[in-house]
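A closer look at the structure
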Amino acid sequence: MKKLLAAAIAFAALSGAAYADTIKVGVIGPFSGPFALQGKNFKAGIDAWLALNGNKVGSDEIQIVYRDVPQADPARSKALAQELVVREGVQYLAGFYFTPDAMAATALLQQANVPMVVMNAATSAIVASSPLVVRTSFTTWQTTTPIATVAKEQGVTKAITLVSDYGPGIDAENAFKTAFEKEGGKVVETIRMPLSTNDFAPLMQRVKDSGAQGLFTFLPSGPPTLAFVKAYNDNGLKAGGIKFYGTGDLTQESDLPALGEAALGLQTTYHYAVSHDSPENKTFVAAAEKAIGNPAELSFPSVSAFDGMYVICKMIEATGGKQDAKKAVDAVKGLSWTSPRGPVSIDPDSRHITENIYLREVAKDASGKYYNKEVRTFEKQGDPGLAFVKK
Amino acid sequence: MQTVLSIGVDALAYGMALFVISIGLSVTMGLMRVVNLAHGAFAMIGGYFASYAVRDLGLGYAAGILVAVVGTVVIAIPIERLLYRRIYGAPQLTQVLMTIGITFCVIGITNFAFGPTLKTVPLPPLLQGSVDLGFRSIAAHRIFVIICGFTVAAGLWFLVERTNFGVKVRATVDNAAMTAALGVRTEVVYAVSFAVAIALAAFGGVIGAELLPLEPYYALRYMVTFLVVVSVGGAGSIPGALIACLLLGTIDTTGRYLAPEYGEFFFYLAVILIVTLFPRGLAGRMK
Amino acid sequence: MVASLDRTIATPSFTRRMADRGVIGVLAILVAGLAGYLLMPNNLALLTQMIAVAMLVLSIDLVTGYCGVATLGHAALFGAGAYGAGIAAVHFGITDPVAMTAVGLLAGAAAGLVSGFVILRAHGLAQLVLSIAVIHLFHEAANKASGWTGGSDGLSAITPDAFFGAFEFDLWGVTAYAYGVILLAVVFLALQILVRSPFGMLARGVRQDQIRIAAMGASSHSVLLRMYVISGAVAGVGGALSAISTQVVGLDSLSFTLSAEALVMLVLGGTGSLYGAMIGTVVFMLFEDTLSAANPFHWLTIVGALLIAVVLFAPKGLYGSAAAFAGRVRRRPA
């Protein structure tokens, strides 16, 4: 029975290639629930790509199939990936906001002969879990490491870290600690707080008592960042001269109107700011704003989705629309291009994206809109976290 | 000493914020015996009204609160007539199913209509910034929340214990059939109680927005917190809810200060302990 | 109810009827399993997941439907089974699927003992809150023990052996699905016997009147606790099936969300009946899957509307209301 099924699928794949008509790309992301905003940004990035480049590669037409995994749920992610491959016959899997969701689906890739393009999930180990994974987003190690340099250069010798107690938070803590100590600084205390924390006042008191000159923090983008930034201001840390360092997750563009005045001057490092000044980005932002409807909702996952589509199209080009995952992935190893975020390339060994990381400061423009202003560029940053991945 | 004092202030502020947001649920669960998991949804609707009024229409903060309370109650009236009326007295699980359904709908509609971004209610200048207490500073808004909390507690206590309406409410809770037989129109009592609960939810949603930011998923995100607070205090008891909030606020704040990594453990172990010792809540009247 | 039970026991053909009912149920499961395979051959992963969740819902039914315990923390038992099977495979090299299932069963039963110990200390709302506290403690413990569980990144690289060396757990998921259907049939048969056994009767008695049970000389607490352990074993098997078929275990399997969702499925189908539990699961998950595939962005609203509609038009749940309706129709001519 299984053989019959396999034969049927093989036949379907063959006939698909013979007609060279529609190539399906399955996108898994959080399109409803608490992270709906990020899923919406995936879609905006993909739609922007299609609007700017058309939905055809050669004579093949690209069709996107969306599937919803509202919160990290590897079992559901895997079931959907399986369904996308077996029933929908997708030739590419893409999206994946959460690490466990991506990890769950990587196990299928070899057998399904399908490459995966990760558009967000930021744990270093994902690319190591299958040779058919390419990532166009970032890792927490990658975006965190440069801020340690910034902190040290701004005269901070004693820092404290305050991160959400889950995978990415712990990654951020390790990355900052490693980089900061390499610079000769000292991390006086590392605090992990539960993800569900909504009152940060007692933690701010802890930070104050620690005697650190700088606070490094990582929180996943979303509602708690608002309360966190307010707590930093209201509890006198800002006034007390304790400097604030974070990754761009804290000041994502869609949260800035809500953060408002409180966020002004916050320094973060990240791979993309919607305000990035380049012709490529202007074109992208115009298209993505149109795709998402409300420009205030545009945020970082959109650019990774946009570049993910670029990579997928290159793969389709290289394979002539035939399903050959290995050839497709090989074709984009070492690929470099100018993304809306700046020059990027796919590292041939890790298949992770090498990109510029920017130091940004929240500023207010002439029309009173808050934005992440890029003030410094760390060029061609790879993923330092790969060295720590258990083989 | 200074640290203890400082934690005390944080605990008071956090506890009172919890109180303002959860007290409406205590009213529905204790007085009306409805496990209203949609409480957060109504709080969120209130918050969105206020946000729209203050940020987009440029009304004042006080006017925003008024719009929120009135608007939410107006939305809630048909929902009460059409849906809630069917589940008064129904088994708890049926109530859970219905109110979760309502919550899903509210989340979906909010997401569709207003998008998934965070909404804020801009504060008036008086409540912005922080106030110096001598040994530390605290957000001015938190002081406002503390005052609101005590005012709401006192007002509700007066309403339930000292007014004619309060007598009817208590009688209806204890024995609805007998009260109706005595000539009290219990459905009016229910409707008014429901309106009061919704008004409190909306008020809490607006006042608490600084702590629990408004977004579509608000309706589910904090449901557990509300439930815990209400049951620890004892559904329907205003002093109970007040004590519970202050107690849980203290436990949570202290835990978070001393051992943030184990904050969750602290909190839920304490909840288990309290609930086991006081199965009807600290001052419960619901059997 | 007690009177009707007495009548059942008094019927001479009781044993036969029990066997019949169990057999019919098992046949129904096998037929439905085959139908699922034929109708949705390309979506077996979903169907397998559905079976795993059905076991969680059955397990909630045992304590909620049969014993009247309110719980929003039952995923703790399911997650314990999933992590048990997963950890056995990843850290101890136990990759035989049947052995993994057995480990899941034991882990689930152990979790059932622990959470039953806590949850059974109160009633009603307080009980609900205790169950919420339990699920959060389990979740947090798994998050902390990331060396064992993989923390929030999930426990991956679970590779169960092929069945008899021939049937692999692969992309098409036929093996996992067939295994799931068989497991469900076995579990169903066992539960059918259980709920009709004297012990099952006692459990129903506890739900209806604890004082009378105590007066009869039975300890309601011990009945409930035993039921909790059995319920844990069932949920644990479901968790193990999930771990085997998806080869990954995430923190979501220990979440409040899953607990609440499973409870919703149970109430949707109808409490106090094994069929209700399974029907509720199938209807909810199929509905959710179809809707969320059709519109990944706004399906939640319609699911909400479905739940409201069920309360309004089928207050005893889909199966419960249908059974009541059928009963009315049957009685009318007589």
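Rules used throughout
Residues numbered from 1 in each chain as written. Chains lettered and ligands numbered in written order. Predicted model: local features only at pLDDT ≥ 70, side-chain atom pairs only at ≥ 80, totals over all residues. Heavy atoms only, no water. Helix = DSSP H or I, 4+ residues; strand = E, 2+ residues; numbered from the N terminus. Rg over C-alpha atoms; globule rule 2.2 N^0.38 Å. Buried < 20%, exposed > 50% of the residue type's maximum accessible area, 1.4 Å probe, protein only. Contact = heavy atoms within 4.5 Å. Areas by Shrake-Rupley, 256 points an atom, 1.4 Å probe, with all protein chains shown as cover. pLDDT = per-residue confidence, 0-100. Buried area = accessible area lost by both parts, 1.4 Å probe. Salt bridge = Lys/Arg side-chain N within 4 Å of Asp/Glu carboxyl O. Polar contact = N/O pair within 3.5 Å; in protein donor to acceptor, adjacent residues only side chain to side chain. Core = buried A, V, L, I, M, F, W, Y, C linked by side-chain atoms within 4.5 Å. Axes fitted to C-alpha atoms, helices over the stretch in contact; angles between N-to-C directions. Left-handed = near helix turned anticlockwise from the far one by under 90°. Patch = residues over 30% accessible without salt bridge, like charges linked within 9 Å, V, L, I, M, F, W, Y side chains within 5 Å. Lys, Arg positive; Asp, Glu negative; His and termini not counted. Charge placed at Lys NZ, Arg CZ, Asp CG, Glu CD. Parallel < 35°, antiparallel > 145°, perpendicular 65-115°, else oblique.

Along chain C, the regular secondary structure elements total 15 helices and zero strands. For a compact globule of 334 residues, the expected C-alpha radius of gyration is about 20 Å, and chain C comes in at 20 Å, within 12% of that figure. A principal-axis box enclosing the C-alpha atoms of chain C has dimensions of 60 × 45 × 45 Å. In chain C, which comprises 334 residues, the proportion classed as buried is 59%. Taking contacts inside chain C between residues at least 6 apart in sequence as the whole, the part at least 24 apart equals 78%. Summing over all exposed atoms, chain C offers an accessible surface of approximately 12,800 Å²; the carbon and sulfur share of this is 70%.

It is worth spelling out the confidence of the model for chain A at this point. When pLDDT is averaged along chain A, the result is 91; 94% of the residues meet or exceed 70. Note on residues 10-18 of chain A: pLDDT under 50 across the span, and three contacts to partners over four residues away in sequence or across chains.

To continue, consider the interface of chain A and chain B. Listed as interface residues are 34 residues of chain A and, on the opposing side, 35 residues of chain B. Around 3,000 Å² of area is buried between chain A and chain B when both sides are counted, 55% of it from carbon and sulfur atoms. Considering only the surface of chain A that becomes buried against chain B, A:Asn198, A:Asp199 and A:Pro223 emerge as the three largest contributors, covering 20% of it. The interface formed by chain A and chain B holds two salt bridges in total. Across the pair B:Glu210 and A:Lys230 runs a salt bridge whose closest N-O atoms are separated by 3.3 Å. At the junction of chain A with chain B, the criterion picks out 11 residue pairs in polar contact (both at pLDDT 80 or more).

Moving on to the nonpolar core. One recurring pattern in soluble globular proteins is that nonpolar side chains are buried together. Ranked by internal contacts, the top residues of the largest apolar core, which has 292 residues, are B:Phe19 and B:Tyr84. Those residues in contact with B:Phe19 that lie beyond four places of it in its chain are B:Gly149, B:Val152, B:Ala153, B:Ile238, B:Ala241, B:Leu242 and B:Cys245. A:Val207, A:Val229, A:Val362 and B:Leu118 belong to the second-largest nonpolar core, a separate cluster that totals 30 residues.

Residues and elements named next belong to chain B. Mapped onto the secondary structure, asparagine 36 falls in the loop between helix H1 (2-31) and helix H2 (39-56). With a relative accessible area of 3%, asparagine 36 lands in the buried category. There is a polar contact of 2.5 Å between the side chain of asparagine 36 and the side chain of tyrosine 84. Beyond its immediate chain neighbours, meaning those up to four positions away, asparagine 36 contacts Leu25, Thr28, Met29, Phe42, Tyr84 and Thr99.

Attention now goes to the packing of helix H9 (residues 198-208) of chain C against helix H11 (residues 220-246) of chain C. Residues and elements named next belong to chain C. Following both chains from N to C, one finds H9 and H11 inclined at 115 degrees, their axes separated by 10 Å at the closest point. Seen along the crossing, H9 lies across H11 with a hand that is left-handed. The segment H9 lies against H11, with Phe199, Leu202, Ala203 and Val206 engaging Ser220, Val223, Leu224, Arg226, Met227 and Ile230.

Residue and element names in this part refer to chain C. A cluster of basic residues, Lys316, Arg328, Arg330 and Arg331, forms a positive patch on the protein surface. Looking at the secondary structure, you find arginine 331 in helix H15 (residues 318-331). Overall, arginine 331 belongs to the exposed group, its relative accessible area being 59%.

Turning next to the packing of helix H3 (residues 44-64) of chain C against H11(C). All names here are of chain C. Relative to each other, H3 and H11 sit at 170 degrees, their axes nearing to 8 Å. Here H3 is positioned roughly antiparallel relative to H11, judged by the angle of their axes. Contacts from Thr48, Gln49, Ile51, Ala52, Met55, Leu56, Ser59, Leu62 and Val63 in H3 reach Met227, Tyr228, Ile230, Ser231, Val234, Ala235, Val237, Gly238, Leu241, Ser242, Ser245 and Thr246 in H11.

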